[in-house]
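Letter by letter, the chains look like this.
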Amino acid sequence: MFDSYMDILIIVVVALIIFGGTKKIPEMARNLGKATGEFKKGQREIEDELKNGTSSTNNVNKDQINYMKIAEDLNIDIKDKTIDQIIGEINTKLGKEPAKETVAAEMKQN
């Protein structure tokens with residue numbers, strides 16, 4: 001029906017002139033500009049939030065990878081183990097006392 005955005009724009013302008021009159025067009029254009037600016041501002045805020053959320057997730061994944069590398073260096077089997085179990089075994093191998101949370105998690109699993 002409409003081949004391009006230009007056709008739609010022409011129809012909208014004609015409708016505004018007929019129903020709104022020429023005096024209302026600048027006011028409507030200002031309101032449209034403000035609405036577009038607010039939309040873009042909200043879009044930028046959402047993109048920033050997503051980037052910040054993604055970067056914190058990447059840090060967690062990097063920490064897990066680091067623990068897995070340490071476990072492999074210490075010849076600890078990491079297959080089918082949670083990160084908490086791996087950390088507990090690293091601490092045990094290094095002679096450190098495991099964290100209370102790790103002990104509690106292991107007790108739950110057994």
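Residues numbered from 1 in each chain as written. Predicted model: local features only at pLDDT ≥ 70, side-chain atom pairs only at ≥ 80, totals over all residues. Heavy atoms only, no water.

Q: Could you give me a rundown of the overall build of the chain, with the residues and numbers involved?
A: Summing up its helical and strand segments, the chain has 4 helices and 0 strands in all. For the chain, the residues scored as buried account for 8% of the 110 residues in total. Sequence separation of 24 or more characterises 6% of the internal contacts of the chain that already satisfy a separation of 6 or more. (Helix = DSSP H or I, 4+ residues; strand = E, 2+ residues; numbered from the N terminus. Buried < 20%, exposed > 50% of the residue type's maximum accessible area, 1.4 Å probe, protein only. Contact = heavy atoms within 4.5 Å.)

Q: Tell me about helix α1 (residues 5-20), residues and numbers included.
A: For α1, which comprises 16 residues, the first-to-last C-alpha distance of 21 Å matches the rise-based estimate of 22 Å (1.5 Å per residue) to within 8%. Gly 21 lies just past α1 and shows a positive phi near 85 degrees. (Expected span 1.5 Å × (residues − 1).)

Q: Outline a negative patch on the surface, listing residues and values.
A: Taken together, Glu 38, Glu 45, Glu 47, Asp 48 and Glu 49 make up a surface patch of like negative charges. Residue classification places Glu 38 among the exposed residues on the basis of a relative accessible area of 53%. (Patch = residues over 30% accessible without salt bridge, like charges linked within 9 Å, V, L, I, M, F, W, Y side chains within 5 Å. Areas by Shrake-Rupley, 256 points an atom, 1.4 Å probe, with all protein chains shown as cover. Salt bridge = Lys/Arg side-chain N within 4 Å of Asp/Glu carboxyl O. Lys, Arg positive; Asp, Glu negative; His and termini not counted. Charge placed at Lys NZ, Arg CZ, Asp CG, Glu CD.)

Q: Which residues make up helix α3 (residues 83-93), and what are the values?
A: Inspection of α3 places Gln 85, Ile 86, Ile 87, Gly 88, Ile 90 and Asn 91 among the buried residues, and these make up the whole buried set. Phi for Gly 95, located one or two positions after α3, is positive at around 85 degrees.

Q: Which residues make up a nonpolar patch on the surface, and what values do they have?
A: A cluster of nonpolar side chains, contributed by Met 6, Leu 9, Ile 10, Val 13, Val 14, Ile 17, Ile 18 and Phe 19, occupies part of the molecular surface with about 810 Å² of accessible area. On the secondary structure map, Val 14 appears in helix α1. Classification of Val 14 by relative accessible area gives partly exposed; the value is 41%.

Q: Describe unusual backbone geometry, naming the residues involved and giving the relevant values.
A: The backbone of Asn 75 sits at a positive phi, close to 60 degrees, despite the residue not being glycine. A relative accessible area of 68% places Asn 75 in the exposed class. A positive phi is found at Asp 80, a non-glycine position, where the angle reads about 60 degrees. Within the fold, Asp 80 resides in the loop between α2 (25-73) and α3.

Q: Account for the confidence of the model for the chain, with residues named and values stated.
A: In this model, the chain carries a mean pLDDT of 77, and residues with pLDDT of at least 70 account for 79%. Put simply, helix α4 (residues 100-109) is where the chain has its lowest mean pLDDT, 54, and α3 is where it has its highest, 84. (pLDDT = per-residue confidence, 0-100.)

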